[in-house]
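Listed below are the residues making up each chain.
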Amino acid sequence: MHPAPSVIFFTTFSGLGFGLLAWLGIGAPDVTGWTAFAFFAIAYAMAVGGLLASTFHLGRPERAVKAFTQWRSSWLSREAWCAVGALVVMGLYGAGLVFLGERYALLGILGAVLSLLTVFTTSMIYTQLKTIPRWNMPLTPVKFLSISVAGGALLAGQVQIAVLLLLIVGGVQLLAWMQGDKAFASAGTTLGTATGLGARGAVRAFEPPHTGTNYLLKEFVHEIGRKHAQKLRIISLGLMVVLPVILLLLPFSHFIAVLALASHIAGVLTARWLFFAEAEHVVGLYYGKR
């Protein structure tokens, strides 16, 4: 699929923001006053900034509010409700820390759960799509959640646990690539099943449906060369996991911590670009692209 910058920004930074909110919700770090304000400001800037970015790829952004009405059937609507719930609850929890110096534990835990549920619902928007086999697997929400929690740990300054979580992220990402590369073939979808003519024998397209490009080709049949994909996978894994882990194992300094965080974010952005660029939509079968 065509990787829209707004979606890449949204899924990356909202995940990091809600990941940090989840850590703050369980009291890690245990901060109050202006220090707590700084942490919450960073978390809200990322979470809300990411959510706002998601509206830029909508045809009619002014209708985004209607997403709240479809919570019974739409993961997008569930994401909207979870996001609002998380931001409101964590706002109240943060106010207690900043202005009263009090930590209301139950409120924080509820906010942390809602924050992670927001990331989960975001991942399910993609996981539910059977037309994109690479996304339609259990590892997709695991990947979104692991990156969110690991990135949140980095932002929260939880260095030791962040090292372990980053290694888990690397393992999950490798498994997702391995399973994803086989997903389209394993789904069993072919031009024969797509047209309903498979029972008559092997089906092939005599010629493309049309000679020019169109919306489907632009958005759903984006292709990336295998060599480029492999290079970007190595780069993303190196920046997202390997370099941050090496830096975090060095004697601690704020400069090293910032460098590890910047490397991780760059790696996540690269991996998220690949997440969309490598996604093979079954509509490509009609154009001989699969």
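Conventions used here
- Residues numbered from 1 in each chain as written.
- Predicted model: local features only at pLDDT ≥ 70, side-chain atom pairs only at ≥ 80, totals over all residues.
- Heavy atoms only, no water.
- Domains from an automatic or database assignment.
- Contact = heavy atoms within 4.5 Å.
- Buried area = accessible area lost by both parts, 1.4 Å probe.
- Salt bridge = Lys/Arg side-chain N within 4 Å of Asp/Glu carboxyl O.
- Helix = DSSP H or I, 4+ residues; strand = E, 2+ residues; numbered from the N terminus.
- Nonpolar A, V, L, I, M, F, W, Y, C, P; charged D, E, K, R; others polar.
- Buried < 20%, exposed > 50% of the residue type's maximum accessible area, 1.4 Å probe, protein only.

**Overview of the domain arrangement of the chain**
Stage number 1. Once the domains are mapped, the chain shows domain 1 (1-128) and domain 2 (160-290).
Stage number 2. The C-alpha-based centres of domain 1 and domain 2 are spaced at 24 Å.
Stage number 3. Domain 1 puts twelve residues into the contact, and the matching count from domain 2 is 16 residues.
Stage number 4. Summed over both partners, the interface of domain 1 with domain 2 buries about 1400 Å², with 77% contributed by carbon and sulfur atoms.
Stage number 5. Across the domain 1-domain 2 interface, the total number found is zero salt bridges.
Stage number 6. Looking at which element gives the most residues to the side of domain 1 that touches domain 2, the answer is helix α1 (residues 5-25), with seven residues.
Stage number 7. Residue classes in the side of domain 1 that touches domain 2 are distributed as nine nonpolar, three polar and no charged.

**So, the side chain of Thr270**
Stage number 1. Within the secondary structure, Thr270 sits in helix α10 (residues 254-277).
Stage number 2. When neighbours within four sequence positions are excluded, Thr270 is seen to be in contact with Leu232 and Ser236.

**A few points about the pattern of salt bridges**
Stage number 1. If you walk through the whole model with that rule in mind, you get four salt bridges.
Stage number 2. One salt bridge connects Arg134 with Asp181, and the closest N-O pair in it is separated by 3.1 Å. Of this pair, Arg134 sits in the loop between α4 (105-127) and α5 (139-155) while Asp181 sits in helix α6 (residues 159-187); the two residues are 47 residues apart in sequence, bridging distant segments of the chain.
Stage number 3. Looking at Arg134, the relative accessible area reads 9%, which means it is buried.
Stage number 4. With a relative accessible area of 36%, Asp181 lands in the partly exposed category.
Stage number 5. In this structure, Asp181 and Arg233 form a salt bridge, with 2.8 Å as the shortest nitrogen-oxygen distance. Of the two residues, Asp181 is situated in helix α6 and Arg233 in helix α9 (residues 226-249); the sequence distance between them amounts to 52 residues.
Stage number 6. We classify Arg233 as buried; its relative accessible area is 8%.

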